[in-house]
Amino acid sequence: MLCGLLGRTLTHSYSPAIHEALGGGYNYELFEVEPDNLPAFLERDNIHGLNVTIPYKRAVLPYCAELSPTAATIGSVNTLLRRPGGTLYGDNTDAMGFLAMLHRSGIVVEGKKVLVLGSGGSGRTVCHVLQRQYAGEIVTISRSGSNRYDNLDRHADAHVIVNTTPVGMFPMTGETPIDLDRFPRLEGVLDLIYNPARTRLLLDAEARGIPHIGGLPMLVGQAAGAATLFSGLEIPREREQAALHELRHRMENLILIGMPGSGKTTVGRLAAKRLGRPFLDADLALEAAAGNTIPEIFRAEGETGFRRRETLVLKTLGKQSGLVIATGGGAVTQLENYPHLHQNGLIICLERDLTDLPREGRPLSQAASLGTMYAKRRPLYRHFADRTVANIGDPKAVADKVLEVFYETLSH
């Protein structure tokens, strides 16, 4: 039984991995189709079911002999099923996915004022679910119409914000559609974007202590709904959760921070080998980009020039997914590096006794007391780190502990 994802550009899609993890018992492929070829493609009778993504969620409507009540209400289809007679049935499991995301977040919308950023298909889907969850006032914000981004002050009393726009999506990470400081009563932020795992909007919510969640649970939840339709079998909740955890483990970067000489490179290489993923040393990447060694950069540009170069490297590395990254010991001294690293990464601080830290080839370690340096950096390491692991004993055992912490943290 052949199923798949229909779209125009499907580079780096996670759908095949999700459907494999869900175990619906069908083969799943990616189908990139140009608009002119859409009618002929939809006539293929060897394809049992399709997920549908941009730009075809509304374009497939005329080809459906029947729509589910949800798809008919929203006016958008993200799942097609070829029935025994050959006709197409259209459904919208995005609604199921957003409901799963909402439940996982713990954010309460009943009776609350909710701002939905974006008036496209995803925005309509979100509004549909919010209505059925008894949200209070639901306001769609768009670039035109009565409720726009330039008159948001009239909605400063909003309790929940849902972003359905692509602002902040890879590769344009670091952008945000709104300033959260304009909403003093805010109780929750949801962003349908799943790459990066933490958009600037979500990082801003995190910094303010506001409950928040990214779009990965929605991606998996809608796939589980589609898998049920394709296979005719209910996908167990436990299998859906396992698929979500597996995808998080695959996407999330493992990032190591810590004092110079704390073992980040050694432990990072071992962890990357165990995970079967690339390892990147930020200092080596910096040297390669500069064409000079770090001591040479320090002599020519000082610490200010070095830190500027370091931030540019971390900004590039942090956008990527599925890496193990060892940072320089002083990366935490520039607070702007935190969102670059955390947007797609779980940050683990390696701690090692100061007497065991080497100084050779490390300009700042040679120029200052390690005790003084550590006293200044310790609160910064704690600010950056999601978890801390002591680097004591065999490096392989330390790498195992790092991976244990990595999986444990991402499974919550």
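Basis of the calculations
- Residues numbered from 1 in each chain as written.
- Predicted model: local features only at pLDDT ≥ 70, side-chain atom pairs only at ≥ 80, totals over all residues.
- Heavy atoms only, no water.
- Helix = DSSP H or I, 4+ residues; strand = E, 2+ residues; numbered from the N terminus.
- Rg over C-alpha atoms; globule rule 2.2 N^0.38 Å.
- Buried < 20%, exposed > 50% of the residue type's maximum accessible area, 1.4 Å probe, protein only.
- Contact = heavy atoms within 4.5 Å.
- Areas by Shrake-Rupley, 256 points an atom, 1.4 Å probe, with all protein chains shown as cover.
- Lys, Arg positive; Asp, Glu negative; His and termini not counted.
- Charge placed at Lys NZ, Arg CZ, Asp CG, Glu CD.
- Phe/Tyr/Trp six-rings, centres within 6.5 Å; stacked < 30°, edge-to-face > 60°.
- Expected span 1.5 Å × (residues − 1).
- Arc of directions from axis to C-beta.
- Pairing = 2+ DSSP bridges.
- Axes fitted to C-alpha atoms, helices over the stretch in contact; angles between N-to-C directions.

### A closer look at the overall build of the protein
The helix and strand tally for the protein stands at 15 helices and 16 strands. Relative to its length of 412 residues, the protein is compact, with a C-alpha radius of gyration of 24 Å against a globular reference of 22 Å. Expressed as lengths along the three principal axes of its C-alpha atoms, the size of the protein is roughly 75 × 50 × 40 Å. Relative to its 412 residues, the protein shows a buried fraction of 51%. Considering only contacts in the protein between residues 6 or more positions apart, those separated by 24 or more positions represent 70%. Here the protein has roughly 18,600 Å² of accessible surface; of this, 51% comes from carbon and sulfur atoms. Each charge class in the protein can be summarised by its mean position, and for the 44 positive and 44 negative side chains these summaries are 3 Å apart.

### What about the packing of aromatic side chains?
Per the stated rule, a full pass over the model turns up 7 aromatic pairs. Between Y26 and Y28 the ring centres are 6.5 Å apart and the planes differ by 50°, which places this aromatic pair in the tilted class. Taken together, the ring pairs connect Y26, Y28 and F230 into an aromatic cluster.

### Comments concerning helix α9 (residues 264-275)
The end-to-end C-alpha separation of α9 is 16 Å, in line with the 16 Å expected for 12 residues at 1.5 Å each. Those residues of α9 that sit buried are K264, V267, G268, A271, A272 and L275. Along the axis of α9, the buried residues cluster in a sector spanning 135°; they form a single face. In α9, those exposed residues whose orientation departs by more than 90 degrees from the buried face are K273 and R274.

### Regarding the environment of A197
Position of A197 among the secondary structure elements: in the loop between β10 (188-191) and α6 (200-207). Dropping the residues within four chain positions of it, A197 is found in contact with L202, G214, E252, Q343 and N344.

### Details of the sheet that holds strand β3 (residues 49-52)
Strand pairing in a sheet relies on backbone hydrogen bonds, with the paired strands running either antiparallel or parallel. Spatial ordering of the open sheet is given by β2-β1-β3-β5-β6-β4, a layout of 6 strands whose pairing is mixed. In this open sheet, the two strands that pair with only one neighbour each are β2 (27-32) and β4 (64-67). Going across the sheet, the axis of each strand differs from the next one's by a mean of 25°, ignoring polarity. Of the pairings in the sheet, the one linking β4 to strand β6 (residues 88-91) comprises 3 bridges and is parallel in character. Counterpart to E66 in the pairing with β6 is Y89. In this fold helix α1 (residues 15-22) packs onto β1 (2-7), β2 and β3, with an angle of close to 165° to the strand it touches most, β2. Against the sheet, helix α7 (residues 216-231) makes contact with β1, β2, β3, β5 (79-82) and β6, and its axis sits at roughly 10° relative to β5, the strand it touches most.

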